[in-house]
Amino acid sequence: MRAGGSHSQRDHPTTGMLPEDSSPGFRRFGRCLGRVVLRMSYRIRVRHGERFPTTGPVVLVANHSSLADGPVLFGTLPRGAVFLIKRELFRGPLGWTLCKLGHLPVRRDAPDRAALSAAVRILRSGGVIGVFPEGTRGGSVAEARHGAAWLARSAGASLLPVACRGTARESGRRFRFRPRVDVLVGRPVRLPEQRGRAGLAAATERVRTELVELLAELDGRTIDSDEPDDDVRGNEA
């Protein structure tokens, strides 16, 4: 069963749900092309895609273990997210492509008001923002930051933890032929009633805990798993 929701929400975002410099047509083409490339490169299984809210603002919070995590989530989840991506990648042809696909450059060394303001605007229009709370690759989610909780509280958005495993190459292995990648969508997290920094810290810890549990669940499933592979979009995507 595939996730519900209108076709327009999934493939044709309305005005305001994407950055100003993006190209909706190029974005749709990129998602379609990405699915083909992903199908050739990985064996992807998306689990519990039905948990992804079909409408309304969502802050997608995912672990980050390799550069492939973003493209995998962008191409396989029911609603394509606008990801906050480190500014250093927005250079040359890659930077142009990321911009047209609808992603936002963000500074990692200091609070980036321009990027956060753009993200809040997109959320208030009903869009989806994707963040990797560790800030850098690693996937341990041990140092989750408060940015995702701040965005969700500022825009009245849902916080949605999503775990991804299998994109990082194991140490000592040079080549992997179509490795298995598992994506597990968690349940939306409700923000605590607390306000201020204490509330943001509590929400951040809740999301971090949810991500750790999702990753543990994936790690348990991927060991000696004989389950059949799903389509690149998953059962619900």
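Residues numbered from 1 in each chain as written. Predicted model: local features only at pLDDT ≥ 70, side-chain atom pairs only at ≥ 80, totals over all residues. Heavy atoms only, no water.

Per an unreviewed UniProt entry, the protein chain carries the name 1-acyl-sn-glycerol-3-phosphate acyltransferase and comes from Actinopolyspora alba.

Draft legend 1. Just the packing of aromatic side chains, in detail. Counted by the stated rule, this structure contains two aromatic pairs. Centre to centre, the rings of phenylalanine 26 and tryptophan 96 are 5.4 Å apart; their planes meet at 70 degrees, and the pair counts as edge-to-face. Of this pair, phenylalanine 26 sits in helix 2 (residues 24–41) while tryptophan 96 sits in helix 4 (residues 92–101), and the two are 70 residues apart along the sequence. Here phenylalanine 83 and phenylalanine 132 contribute two aromatic rings whose centre-to-centre distance is 5.5 Å and whose plane-to-plane angle is 10 degrees, an arrangement assigned as stacked. Remark: phenylalanine 132 occurs in the loop between strand 5 (128–131) and helix 6 (147–155) and phenylalanine 83 occurs in strand 3 (residues 82–86); sequence separation between them is 49 residues. Looking at phenylalanine 132, the relative accessible area reads 14%, which means it is buried. Geometry around phenylalanine 74 places arginine 31 over its ring, the cationic atom sitting 5.8 Å from the centre. (Phe/Tyr/Trp six-rings, centres within 6.5 Å; stacked < 30°, edge-to-face > 60°. Helix = DSSP H or I, 4+ residues; strand = E, 2+ residues; numbered from the N terminus. Buried < 20%, exposed > 50% of the residue type's maximum accessible area, 1.4 Å probe, protein only. Lys NZ or Arg CZ within 6 Å of the ring centre and 35° of its normal.)

Draft legend 2. Main features of a nonpolar patch on the surface. Among the surface-exposed residues, Phe29, Leu33, Val36, Val37 and Met40 lie close enough to one another that they form a single nonpolar patch of about 490 Å² accessible area. Relative to the helices and strands, valine 36 resides in helix 2. (Patch = residues over 30% accessible without salt bridge, like charges linked within 9 Å, V, L, I, M, F, W, Y side chains within 5 Å. Areas by Shrake-Rupley, 256 points an atom, 1.4 Å probe, with all protein chains shown as cover. Salt bridge = Lys/Arg side-chain N within 4 Å of Asp/Glu carboxyl O.)

Draft legend 3. Region of interest: the nonpolar core. If you look at the biggest cluster of nonpolar residues, it comprises 28 residues, and the most contacted ones within it are Val59, Ile129, Leu151 and Leu159. Sorting the residues of this core by element identifies strand 2 (58–62), strand 3, strand 4 (104–106), helix 5 (113–124), strand 5, helix 6 and helix 7 (196–222) as the ones contributing at least two each. In terms of residue count, the dominant contributor to this core is helix 5 (six residues). For isoleucine 129, the residues in contact, after removing those within four places along its chain, are Val58, Val59, Leu60, Ala81, Val82, Leu84, Leu104, Ala119, Ile122, Leu123 and Leu151. Core analysis: the next-biggest nonpolar cluster, separate from the first, contains 27 residues, Leu38, Tyr42, Ile85 and Val162 among them. (Core = buried A, V, L, I, M, F, W, Y, C linked by side-chain atoms within 4.5 Å. Contact = heavy atoms within 4.5 Å.)

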